[in-house]
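Residues per chain, in single letters:
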Amino acid sequence: MKVLIVEDEKKISDFVTKGLKEHGFTVDLAENGDDGYYLATSQSYDAIVLDIMLPGRDGLSILKALRAKGNNVPVIAATARGELDERLEGLNLGADDYLTKPFYIDELVARLQALHRRTTGSQLNVRQVEHLVLNLATREVKRGERDIELTSREFNLLEYLMRSPGRVYTRTQILEHVWGYDFDPNTNIVDVCLQRLRKKIDQADEDKLLETVRGVGYRMKKV
Ligand code: CA
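Residues numbered from 1 in each chain as written. Predicted model: local features only at pLDDT ≥ 70, side-chain atom pairs only at ≥ 80, totals over all residues. Heavy atoms only, no water.

K.L.:
Sorry, what's going on with the pattern of salt bridges here?
P.N.:
Where side chains of opposite charge bring their charged atoms close, a pairing between them can arise. For the structure shown, the criterion picks out 21 salt bridges. Between K10 and D14 there is a salt bridge; the shortest N-O distance is 3.1 Å. Taken together, the residues span about one helical turn, with K10 and D14 both in helix α1 (residues 10-22) at a distance of four residues. It is possible to trace a salt-bridge network through shared partners that takes in D46, R127, E159 and R163. (Salt bridge = Lys/Arg side-chain N within 4 Å of Asp/Glu carboxyl O. Helix = DSSP H or I, 4+ residues; strand = E, 2+ residues; numbered from the N terminus.)

Now the structure itself:
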C-alpha cells in the first residue's frame, strides 16, 4: 500500500513514516499543506493521512478540494485532542476515518488496512492468481504448497501487480507506487526487482504468471 502523510510536526512525521515503512508500506511525506495538495493531486495513493492544522493550505481545505475534484482517495484525518469541531467537519467533508493524536502506530496500520479492504472491496486479506496466493495480513506468499520468501519490496511489488491481473503497469507507475515519487526514474531498480521476484514466483516447471509486455511494462497473467 502506498500512503501519503501530510504532517508538519517532525516528531510525528518521523514516527509515522518509520512505523509505516516497518509495516511494509510505501510512504511519501509532505511537510506543509501546499506540498500535500500537490502530491495528492499529482500522484496516486491508496490512502492519505492528513493533519488538519498545517502551514500553508490546511487539511480541511485540501480534503474539500480533493472531493470537489471527484478524487475519492481514502483519507484519515489526524486531529489533536480537543479539535472536535475540526474532526466533525472533516467527516462532513468526506474524510473516511479520523485518528486523535497521539496514536499508536498499530492503530493507524489497522485503520489503513480496514480502509484498503473497504475500497478494494475484498473481504479477505488475500489476493490470488491461479495457485499463487498472497496474504496481506500475514504477508505470506505461497504458490500451491510452496512457501515463497519475499523481501518487503518484492512483496509490495507483487501485491501491486496482483490487484488487477491482466492490467499492464508501466515502469514509472511501478516505481512511483512501490518506491515512492522521489526515486530517480532513470534507474533500473524496477527491472532488477522484477527479475528477482520472477525467479521466486515462476519456477522452471511452472506456468509463467509474471509477464513482460515489451516496451510497456509488466503484468500478472489474467486467468
Ligand atoms: Ca499540525
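And the narrative resumes.
K.L.:
I tried to follow the packing of aromatic side chains on my own but got confused; where do I start?
P.N.:
The geometry of an aromatic ring pair is captured by the separation of the ring centres together with the interplanar angle, meaning the angle of the planes. On inspection of all chains with the given rule, the structure shows two aromatic pairs. Relative to F103, the ring of F15 lies with its centre 6.3 Å away and its plane at 45°, an arrangement referred to as tilted. With F15 in helix α1 and F103 in the loop between β5 (97-101) and α5 (105-120), this residue pair connects regions lying 88 residues apart in the sequence. Ring geometry for Y160 versus Y169: centroids 4.5 Å apart, planes at 45°, classification tilted. (Phe/Tyr/Trp six-rings, centres within 6.5 Å; stacked < 30°, edge-to-face > 60°.)

K.L.:
So what exactly am I meant to see when it comes to the side chain of D46 here?
P.N.:
Counting through the fold element by element, D46 comes out in the loop between α2 (33-42) and β3 (47-51). A distance of 2.7 Å separates a polar atom in the side chain of D46 from the backbone nitrogen of K2. Beyond its immediate sequence surroundings of up to four residues, D46 is in contact with M1, K2, V73, P74, H116, R163 and H177. (Polar contact = N/O pair within 3.5 Å; in protein donor to acceptor, adjacent residues only side chain to side chain. Contact = heavy atoms within 4.5 Å.)

K.L.:
Got a minute to help me understand the sheet that holds strand β12 (residues 217-220) in this structure?
P.N.:
Taken in spatial order, the three strands make up an open sheet running β10-β12-β11, and their pairing is antiparallel. Among the strands making up the open sheet, the edge pair consists of β10 (169-170) and β11 (210-213). Relative to β12, β10 runs antiparallel, the two sharing two bridges. Each residue of the ladder has a partner; that of Y169, found in β12, is Y218. Relative to the sheet, helix α6 (residues 152-162) contacts β10, β11 and β12, its axis offset from that of β12 by approximately 75°. (Pairing = 2+ DSSP bridges. Axes fitted to C-alpha atoms, helices over the stretch in contact; angles between N-to-C directions.)

K.L.:
Is there a simple way to explain unusual backbone geometry in this structure?
P.N.:
Peptide bonds are, in most cases, trans, and in most cases residues other than glycine have a negative phi. A cis amide bond, omega -5°, links K101 with the succeeding residue P102. Its identity as a non-glycine residue notwithstanding, E130 has a phi of 50°, on the positive side. In this structure, E130 sits in the loop between β6 (126-129) and β7 (132-135). In this structure, R139 takes a positive phi of about 60° despite not being glycine. As for its position among the elements, R139 is in the loop between β7 and β8 (140-143). Judged by its relative accessible area of 31%, R139 is partly exposed. (Buried < 20%, exposed > 50% of the residue type's maximum accessible area, 1.4 Å probe, protein only.)

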